[in-house]
Amino acid sequence: MLSRPRLGKIAPIEGGGGAETLFGLVEEGRLAPELEVSTATDLLWTLASVRVWEDLVMNRRWSSDRYRAQIRRTIRGALLGNL
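Read on for a plain summary of the structure. (Residues numbered from 1 in each chain as written. Predicted model: local features only at pLDDT ≥ 70, side-chain atom pairs only at ≥ 80, totals over all residues. Heavy atoms only, no water.)

**What to know about the overall build of the protein chain**
A count of helical and extended segments in the protein chain gives four helices and zero strands. N-terminal to C-terminal, the α/β element order of the protein chain is α-α-α-α. Here the protein chain holds 83 residues, and 31% of them are scored as buried. Summarising the internal contacts of the protein chain: among those between residues at least 6 apart in sequence, 45% fall at separations of at least 24. Surface summary for the protein chain: the accessible area is close to 6,000 Å², and the carbon and sulfur share equals 50%. (Helix = DSSP H or I, 4+ residues; strand = E, 2+ residues; numbered from the N terminus. Buried < 20%, exposed > 50% of the residue type's maximum accessible area, 1.4 Å probe, protein only. Contact = heavy atoms within 4.5 Å. Areas by Shrake-Rupley, 256 points an atom, 1.4 Å probe, with all protein chains shown as cover.)

The following block contains the structure:
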């Protein structure tokens, strides 16, 4: 039986109600097969970090909308194996 990993609070990777979390992807068998949960957690933690937001929005002058769209696309691709 799959035990719930200690992920802390995970940001949704899709907007709106019923947003999927990393653990939801694991439970549904949708996580990219080559990823271990710990690696997927690290990728999500890194991609959704404040540092990445600061680099792109504050330093590179991306709009908030551009950031949200691109980071969601990148996270989905990384975790679902659709890059």
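Back to the write-up after that little detour.
**Things to note about the environment of L35**
By the secondary structure assignment, L35 is in the loop between α1 (22-28) and α2 (37-47). Judged by relative accessible area, which is 16%, L35 ranks as buried. Here the alpha-carbon distance between L35 and L79, two residues 44 residues apart in the chain, equals 7.7 Å. The residues contacting L35, other than those within four sequence positions of it, are A40, L43, A78 and L79.

**Topic: the pattern of salt bridges**
Two side chains of opposite charge can pair, provided their charged atoms sit close to one another. For the structure shown, the criterion picks out three salt bridges. A salt bridge links R68 to D65; the nearest nitrogen and oxygen atoms lie 2.4 Å apart. Of the two residues, R68 and D65 are both situated in helix α4 (residues 64-80); the distance of three residues between them amounts to about one turn of the helix. Among the residues examined, R68 registers a relative accessible area of 38% and is labelled partly exposed. The exposure class of D65 is exposed, given its relative accessible area of 55%. (Salt bridge = Lys/Arg side-chain N within 4 Å of Asp/Glu carboxyl O.)

**Examining unusual backbone geometry**
The phi dihedral of R61 is positive, around 60°, even though this residue is not glycine. The exposure class of R61 is exposed, given its relative accessible area of 72%.

**Quick look at the packing of aromatic side chains**
Counted under the stated rule, the structure contains zero aromatic pairs. Across from the ring centre of W62, 3.9 Å away, lies the NZ or CZ of R66, which sits over that ring. (Phe/Tyr/Trp six-rings, centres within 6.5 Å; stacked < 30°, edge-to-face > 60°. Lys NZ or Arg CZ within 6 Å of the ring centre and 35° of its normal.)

**Quick word on the nonpolar core**
Judged by nonpolar contacts, the single largest core of 16 residues is most densely connected at L22, L31, L35, A40, Y67 and L79. Looking at this core, the elements with two or more residues in it are α1, α2, α3 (50-59) and α4. With five residues, the top contributor of residues to this core is α4. Excluding anything up to four places from it in sequence, L31 contacts L22, L25, V26, V37, A40 and L79. (Core = buried A, V, L, I, M, F, W, Y, C linked by side-chain atoms within 4.5 Å.)

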